[in-house]
Protein chains: 4
Amino acid sequence: MKTRRVTVPAMEAVMGRTMPVLDHGFVRVVDYMGDDGAVAQAARVSYGRGTKTVSDDRGLIRYLMRHAHTTPFEMCELKLHVKLPIFVARQWIRHRTASVNEISGRYSILDREFYLPQHDVIGTQDEKNRQGRGAALSASKASKYLGILSRDALKAYDHYERFLGIKGDKTTEKAVARELARIVLPLNYYTQWYWKTDLHNLLHFLALRLDSRAQFEIREYAKVIAGAVKRWVPLCWEAFVDYRLQALKLSRAEAAVVKSVLEGRDPRKAALGLSNRERAELKESMGIDVPSDG
Amino acid sequence: MKTRRVTVPAMEAVMGRTMPVLDHGFVRVVDYMGDDGAVAQAARVSYGRGTKTVSDDRGLIRYLMRHAHTTPFEMCELKLHVKLPIFVARQWIRHRTASVNEISGRYSILDREFYLPQHDVIGTQDEKNRQGRGAALSASKASKYLGILSRDALKAYDHYERFLGIKGDKTTEKAVARELARIVLPLNYYTQWYWKTDLHNLLHFLALRLDSRAQFEIREYAKVIAGAVKRWVPLCWEAFVDYRLQALKLSRAEAAVVKSVLEGRDPRKAALGLSNRERAELKESMGIDVPSDG
Amino acid sequence: MKTRRVTVPAMEAVMGRTMPVLDHGFVRVVDYMGDDGAVAQAARVSYGRGTKTVSDDRGLIRYLMRHAHTTPFEMCELKLHVKLPIFVARQWIRHRTASVNEISGRYSILDREFYLPQHDVIGTQDEKNRQGRGAALSASKASKYLGILSRDALKAYDHYERFLGIKGDKTTEKAVARELARIVLPLNYYTQWYWKTDLHNLLHFLALRLDSRAQFEIREYAKVIAGAVKRWVPLCWEAFVDYRLQALKLSRAEAAVVKSVLEGRDPRKAALGLSNRERAELKESMGIDVPSDG
Amino acid sequence: MKTRRVTVPAMEAVMGRTMPVLDHGFVRVVDYMGDDGAVAQAARVSYGRGTKTVSDDRGLIRYLMRHAHTTPFEMCELKLHVKLPIFVARQWIRHRTASVNEISGRYSILDREFYLPQHDVIGTQDEKNRQGRGAALSASKASKYLGILSRDALKAYDHYERFLGIKGDKTTEKAVARELARIVLPLNYYTQWYWKTDLHNLLHFLALRLDSRAQFEIREYAKVIAGAVKRWVPLCWEAFVDYRLQALKLSRAEAAVVKSVLEGRDPRKAALGLSNRERAELKESMGIDVPSDG
């Protein structure tokens, strides 16, 4: 089709293509609106003659990202078709500034597809990080886990079909309502939705979901979407990496400690306000080791 | 505690009280802000001297509701603690203009509590209404359904505990991470959250979820919340019932048919634009029967 | 440019074209995403096999509109460039679910352009409707009004330029900061913005701003945007007109009165709950005249 | 009144008190919901047993703020009555996640009150910072500015009253509609609104509006509100100051430079990616001076 709208050839190349995620999931770009230039254009409306000094789009986009002038990034939209396990959908839906049309288990019969993690990503409970995974589970334990998970999921689907009165390709009459039948299915079953959001909120989603503290499974989706964003708005993506994803945030006390060290002063006084966690993080990020006896 | 804030004695009386819903769920009022007077007060800021003619709060509130002047209703807030099955939570969360803190299966170990519907609300699939339940299932089929649902839920929890390495009160080491263990649980397990929203969005939630097309289970929650709203803001509730819940919306074509009948004209011409569904609904709501060969 | 995105030829034809509104304002379509088919497509994801019975897009879209299934309409986006008086912008901005980049009087120097109403739309204050205009002002009074408005606006701009130290094309040094200079300008000065919203929220905007109770000036913008929407998504627009714009909402009491009349019963009992305003509106919309002595 | 809701004595003490801002403006606390404990309580619902290790509210709140776990902060609400110049209102309203009821110039007659800045805050246009004020204007220029501003505002109000047909305390008939009369008023006139938002969004508002780049006038409001927040939720406020307001954000390149210096390496290579602006800011914040010849 011909259009007078701004068009991104690199994005057109992947439109409609199903990008696989996990064992049965996918992300597919359904539609997009805007490009790097659309972000700069919206900013130029706001700052008018004030943006003359910033001659090029890249400089302007980096300025906007650096100073958290977020509204121009709202001027681009991305619409995705996503297939994802229900427990991932439950995390994802918490991002409220998005439009969603999810397949409904009240209207439709869900497919017999469920998520089984790969052996090597089945982690044990992390001892320190209460929300995360630690080392990989032993091979035999992982096999047992997968065996149970798989058998339970299959049996649940058998029961689901039985409730629905499905035999082969037919449905017997007087079966349980779909909305009640589906409640037997476990959280690793796949669902699908159309999901649409603007670039600002998409980047916020990615900042949270690419983070190492996000659950592995949703991170896999975030990575695939990040790849699409990089194609779509490469200048915004570069600025996002430099000023947000790989930026370092120092608390008031951390900044004071770093400054002390830089100026050759004893950092222990400045370090008094640090929690143990901050102490550990400062050592990791900046290599500064402040004795905890202050 | 003493306060200078507006206070609603009828609401204070139920604060903190656990109002049961379904077999293990509940709704509990944690906090509220504002009352009927606060809605009127905010409207008076907007309309200033213009509201002198509306002498009392009731009249003003009815005027606001009638004309969909919704912002003054946003000036009241309600915070609830809710325990609800996951499949209900998945419908509920679609109301985006609310604040939510849900128990996290990544941090916490979920309780062994799941939803089993009462015998008499286990419906068959409705033939016409694709999203709903029809007549009750036969007693024997309902028993079978409940038996399977119950056994599956119990076994899933056994597996959940096994994954987590729980034996009695202890946890064995090197167990599966909580975030992976929980995915074996089915959708009828209970979750909990704090949920806070403003009165305007709450009434919108109730309008949708008290509707006969909403799933029975979420309707049960809506009914209990409606009871609390009635205590809290009785004038808003009355106006909501009159102008929204029990209001009748006639499409352009339906209104033309009604008018024809009222004016003694043949309604068949006006009825040409009606769909079969509209024809049926018009008969039900107004008793007007227009032959479809119209 | 070539694209694989859904494209609407009728919309392409007006893209970038400046559609004039009021004396100096305009609306210009900058970009759009989706079409009628995109709404139906998103609904089909949700309702899956349940939508098989609704064979065509038109029927499905009408069903969605009729039952206020609003989320599929969020799947389309429209981005506009608008030039509008500040007092109109202040009403417009109250629609919060939109993205906005407005020209900033802190960064830029505003243009010498202000709104003067046409003679025939300068109304007197309506006696009953406290928010509206009644009959046209007398010609001589209207001329006086316009003369004062115009002189004040021109003088304000002279002062604005003087504060900014502008002489001819040059700026003298040490002038008042732009952010302080602009506060001398009156509310009829024009501003500009990029405004982007989804179709659901756009239709809500139009429902409120096409209404006869909306101020004339913002209604003029709504009319022009409505024209663009009609080109863009003709099936959604038709459904919107039938089920929302020209729909008739009867309150609980009004519906009871109408039913009484239809069934040949005395409506006076049902009419007891009607306010005088409702009585008047019922007479106007349905021709039913219930004596107020009930 | 007695209540079972959480109550903050320090906040009760200022409720209803008019806190002056600028020459005629004010901020008044109308209502509040929640306290520091309510934030911690909501977080404990989410993280359940995971929060046992964080024994006290202060530690938990600091953890939440540090890791941008923002939803528990949404569980508190603040409702303010604010009187503010229109140009300030136009900046303020851009914060969309809030509820607003503003006095309407269509319904009401606005008061004869306008903003005149104090002599010492009338700045010249900053040469570098295109959005800000530089040095103070000379006394004579400031006097001229104020004289013009004041005369124009008074004359505009005279015209406003004349349009409205106000003579003394009476109104002549057949005057210009209020909605058209008010457009003669300049942007320094005062308006009023009720404004309600949650603590998370309020802190975001304060982060942006306490910033030195915000316009002086809105900063004055932010300061007064900050004082109220400090009384209301002192632990949240402390965490906000430490982890947001006085935190330091280093971009990827800036962090690399700081690390180089800390580790005794030549920072010039890491500094290649820095813009001139970043170079300047790094010198100011950390005292690191990297020669721009890289």
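Every chain's residues receive numbers from 1 upward, in the order its sequence appears when written. Lettering for chains starts from A, numbering for ligands starts from 1, and both go in the order in which the items are written. In view of the model being predicted, local features appear only for residues whose pLDDT reaches at least 70, and side-chain atom pairs are presented and counted only at 80 or more, with totals across whole chains, interfaces and linings using the full set of residues. For side-chain calculations, the full set of non-hydrogen atoms in the structure is used, while hydrogens and water are omitted.

Student: Mind showing me how you'd approach the sheet that holds strand β2 (residues 25-33) of chain A here?
Tutor: Strand pairing in a sheet relies on backbone hydrogen bonds. The paired strands run either parallel or antiparallel. Residue and element names in this part refer to chain A. Read from one edge to the other, the open sheet built from 5 strands follows the order β1-β2-β3-β9-β4, with strand pairing classed as antiparallel. Of all the strands in the sheet, the pair left with one neighbour each is β1 (18-21) and β4 (99-102). Looking at each pair of strands side by side, their axes are set apart by 20° on average, direction ignored. As paired strands, strand β3 (residues 77-85) and strand β9 (residues 190-198) are joined by 9 bridges and run antiparallel to one another. Strands pair, by our definition, only if DSSP identifies at least two bridges between them. Labels follow the DSSP assignment, with helices taken as runs of H or I lasting at least four residues and strands as runs of E lasting at least two, numbered in each case from the N terminus. In this analysis an axis means a line fitted to C-alpha atoms, helices contributing only their contacting stretch, and an angle means the value between N-to-C directions, from 0 to 180 degrees.

Student: What's the story with the pairing of β2(A) in this structure? I'm lost.
Tutor: Remember that side chains alternate between the two faces of the sheet whenever the strand is regular. Residue and element names in this part refer to chain A. For β2, a buried count of 9 out of 9 residues is recorded, marking the element as mostly surrounded by other parts of the structure. Note: β1 against β2, 4 bridges, orientation antiparallel. Each residue of the ladder has a partner; that of Pro20, found in β2, is Phe26. The antiparallel hairpin formed by β1 and β2 contains 3 residues in its connecting segment, where Leu22 sits at a positive phi of about 55°. In terms of strand pairing, β2 meets β3 through 7 bridges, oriented antiparallel. Bridge pairing in β3 places Arg28 opposite His81. Burial here depends on accessible area, computed with a 1.4 Å probe over protein chains only, as a share of the maximum for the residue type. Under 20% is buried, over 50% is exposed, and the range in between is partly exposed.

Student: Honestly, the interface of chain D and chain B in this entry has me stumped. Any pointers?
Tutor: Interfaces are often described in size by the accessible area the parts lose on coming together. Contacts are assigned to residue pairs with any non-hydrogen atoms lying within 4.5 Å of each other. Contacts between the two partners involve 51 residues from chain D and, on the opposite side, 51 residues from chain B. Two parts placed together each lose some accessible area under a 1.4 Å probe, and adding up what both lose gives the buried area. In total, about 4500 Å² of surface goes out of reach between chain D and chain B, with carbon and sulfur atoms giving 51% of it. Contact with chain B buries area across many residues of chain D, yet Arg5(D), Met33(D) and Asn101(D) alone supply 18% of it, more than any other trio. Only one rule defines a salt bridge in this text: a Lys or Arg side-chain nitrogen within 4 Å of an Asp or Glu carboxyl oxygen. Where chain D touches chain B, the interface holds 4 salt bridges. A 3.5 Å cut-off defines polar contacts: any pair of N or O atoms within that distance qualifies, except that in protein one atom must be a possible hydrogen donor and the other a possible acceptor, and neighbouring residues in sequence count only when both atoms are side-chain atoms. Taken together, the connections running from chain D to chain B amount to 34 residue pairs in polar contact (both at pLDDT 80 or more).

Student: Would you explain the side chain of Glu217(C) in this entry?
Tutor: Residue and element names in this part refer to chain C. Its location among the elements puts Glu217 in helix α8 (residues 216-232). Taking relative accessible area as the criterion, Glu217 reaches 0% and is therefore assigned buried. Only 2.6 Å separates the side chain of Glu217 from the side chain of Tyr115, close enough to count as a polar contact.

Student: Looking at this model, I keep getting lost on the relation of the copies chain D and chain B. Mind explaining?
Tutor: Each copy of the chain is related to the other by a rotation around an axis and a translation along that axis. Only residues with pLDDT of at least 70 in both copies contribute their C-alpha atoms to the least-squares superposition of the copies. Of the transformation placing chain D onto chain B, the axial shift is 0.0 Å and the rotation is 180°, giving an RMSD of 0.0 Å. The symmetry that links the two subunits is that of a two-fold axis. Closest approach to the rotation axis among the C-alpha atoms of chain D is made by Lys2(D), whose C-alpha sits 2.3 Å away. Both copies contact each other with a shared surface, as 100% of the interface residues of chain D are interface residues in chain B too.

Student: What is the right way to read the packing of aromatic side chains from this model?
Tutor: Each aromatic ring pair is described using two quantities: the centre-to-centre distance and the angle formed by the ring planes. Residues and elements named next belong to chain A. Centres within 6.5 Å make a pair out of two Phe, Tyr or Trp rings, where for Trp the six-membered ring is used; the pair is then stacked when the planes are under 30 degrees apart, edge-to-face when over 60, and tilted otherwise. Here the structure, examined in full by the defined rule, presents 48 aromatic pairs over all chains. Considering the side-chain rings of Phe114 and Tyr189, the 5.5 Å spacing of their centres and the 55° angle between planes classify their relative orientation as tilted. Placement of the pair is Phe114 in the loop between β4 and β5 (123-125) and Tyr189 in the loop between α6 (178-181) and β9, with a sequence separation of 75 residues. Residues Tyr157 and Tyr160 carry aromatic rings whose centres are separated by 5.3 Å and whose planes lie at 65° to one another, so their mutual orientation is edge-to-face. Placement of the pair is Tyr157 and Tyr160 together in helix α5 (residues 139-164), with a separation of 3 residues, close to one helical turn. Per residue, the accessibility class of Tyr157 equals that of Tyr160, and both read buried. Ring pairing ties together the aromatic residues Trp92, Trp193, Trp195, Phe205 and Tyr221, which thus form one cluster.

Student: Is there a simple way to think about unusual backbone geometry in this case?
Tutor: Apart from glycine, the bulk of residues carry a negative phi angle, and the bulk of peptide bonds sit in the trans form. Residue and element names in this part refer to chain C. At Leu22, a position not held by glycine, the phi torsion is positive, near 55°. Within the chain, Ala68 stands out as a residue other than glycine whose phi angle is a positive 55°. By the secondary structure assignment, Ala68 is in the loop between α3 (57-66) and β3 (77-85). Residue classification places Ala68 among the partly exposed positions, given a relative accessible area of 45%.

Student: What's the story with the pattern of salt bridges in this structure? I'm lost.
Tutor: Side chains that differ in sign of charge can pair as their charged atoms come close. In total, this model carries 96 salt bridges over all chains according to the counting rule given. In this structure, the salt-bridge partner of Lys196(C) is Glu77(A), at a minimum N-O distance of 2.8 Å. Within this pair, whereas Lys196(C) is found in strand β9 (residues 190-198), its partner Glu77(A) is found in strand β3, the two belonging to separate chains. For the pair Lys196(C) and Glu77(A), a shared accessibility class is recorded, and that class is buried. Put simply, Arg58(D) and Glu238(D) hold a salt bridge, and the shortest N to O gap is 3.0 Å. Linking Arg58(D) in helix α3 (residues 57-66) with Glu238(D) in helix α9 (residues 234-245), this pair joins segments that are 180 residues apart in sequence. Glu238(D) gets classed as partly exposed once you look at its relative accessible area, which sits at 27%. Through salt bridges with shared partners, one network takes in Arg58(A), Arg62(A), Glu238(A), Asp242(A) and Arg252(D).

In short, geometric facts, not functional conclusions.
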